[in-house]
Structure formats: C-alpha cells, structure tokens
Amino acid sequence: MRLDKFLKVSRLIKRRTLAKEVAEQGRITINGKVAKASTSVKVGDELAIRFGQKVVTAKVEELRENVRKEEAAKMFTILKEEKLDKIEPQFIDDED
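What counts, and where the lines are drawn
Residues numbered from 1 in each chain as written. Predicted model: local features only at pLDDT ≥ 70, side-chain atom pairs only at ≥ 80, totals over all residues. Heavy atoms only, no water. UniProt positions renumbered as here; feature names shortened; annotations may be inferred. Helix = DSSP H or I, 4+ residues; strand = E, 2+ residues; numbered from the N terminus. Buried < 20%, exposed > 50% of the residue type's maximum accessible area, 1.4 Å probe, protein only. Contact = heavy atoms within 4.5 Å. Areas by Shrake-Rupley, 256 points an atom, 1.4 Å probe, with all protein chains shown as cover. Core = buried A, V, L, I, M, F, W, Y, C linked by side-chain atoms within 4.5 Å. Pairing = 2+ DSSP bridges.

Per an unreviewed UniProt entry, the protein goes by RQC P-site tRNA stabilizing factor and derives from Ureibacillus massiliensis 4400831 = CIP 108448 = CCUG 49529. UniProt, in its Subunit (unreviewed entry) section for the protein, records the words "Associates with stalled 50S ribosomal subunits. Binds to RqcH, 23S rRNA and the P-site tRNA. Does not require RqcH for association with 50S subunits." Of the protein, the UniProt comment under Sequence similarities (unreviewed entry) reads exactly: "Belongs to the RqcP family."

(A) View of the overall build of the protein. Within the protein, the secondary structure is distributed over two helices and five strands. Ordered by position in the sequence, the α and β elements of the protein form the string α-α-β-β-β-β-β. Within the protein, buried positions represent 34% of all 96 residues. Across the protein, the fraction of contacts at a sequence separation of at least 24, relative to all contacts at a separation of at least 6, is 45%. Accessible area for the protein stands at about 6500 Å²; split by element, carbon and sulfur atoms hold 46% of it.

(B) Layout of the nonpolar core. Leu3, Phe6, Leu7, Ile28, Leu47 and Ile49 are the most contacted members of the largest nonpolar core, which has 23 residues in total. Residue assignment for this core shows that the elements contributing at least two residues are helix H1 (3-9), helix H2 (16-24), strand S1 (28-30), strand S3 (46-51) and strand S4 (54-60). Top contributing element to this core by residue count: H1, with four residues. Sequence-distant contacts of leucine 47, defined by excluding residues within four places in its chain, comprise Leu3, Phe6, Leu7, Thr29, Ile30, Val56, Thr57, Ala58 and Val60.

(C) The arrangement of the sheet that holds strand S2 (residues 33-34) in detail. Strand order in this open sheet of five strands is S2-S1-S3-S4-S5, and the pairing throughout is antiparallel. Two strands in the sheet have a free side with no partner beyond their single neighbour: S2 and strand S5 (76-83). As judged from the two bridges shared by S1 and S2, these two strands associate in the antiparallel manner. Along S2, the bridge assignment pairs isoleucine 30 with lysine 33.

(D) Broad picture of unusual backbone geometry. Backbone geometry at arginine 11 places phi at a positive 65 degrees, although glycine is not the residue there. By secondary structure assignment, the location of arginine 11 is in the loop between H1 and H2. Arginine 11 sits in the partly exposed class, given a relative accessible area of 42%. In the Ramachandran plot, asparagine 31 falls in the positive-phi region, its phi being about 50 degrees despite a non-glycine side chain. Locating asparagine 31 in the fold gives a position in the loop between S1 and S2.

Quick look at the structure:
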C-alpha cells in the first residue's frame, strides 16, 4: 500500500493530499530512510512522522483498503512521541 494512502486510511494524517505534502517535505521516514508518498508500506515497517515540534514513531500492524473510524487505530501502534526543542526553518508551517 502507498504511504500516503496508509496515512489517510489509518487516520494518522486526515487527508491524503496533506500526507503527500508532508512526505514531499521529507518529514516522514520508513525504517530510517526518507520516504516519498508513493513508497510502499509493509506490515512491520516503522514510520517516523514529524509534526511541527513533535516526532511520532509508529509501527505498521496491518494494511486494509477500507476501515471504519473505530478500527483505524488497530492499523498501527504508537511506539514513541518525542517533543523537539528546536524547529528547523524548513519545517515551519506559516500557512493556516
């Protein structure tokens, strides 16, 4: 499954277009490697997603094309959430 679709279906990121933008900015890694929106995600992969001053690391538990809101959280496990002290200029989002 494509990374951008997994992020949307699992509800880690609400919209697929937003997931694509985040990936294009180099803010997502899969198993330590920077990933594009089209990168294939497999069960067991470890995703690190940078949201502003926070990095969320999650492990892919299952892949499903369609999932109900209540079951979306079963697709991944949050391994850790790190708060960053300093924001690098390229990651500042000036748009609302």
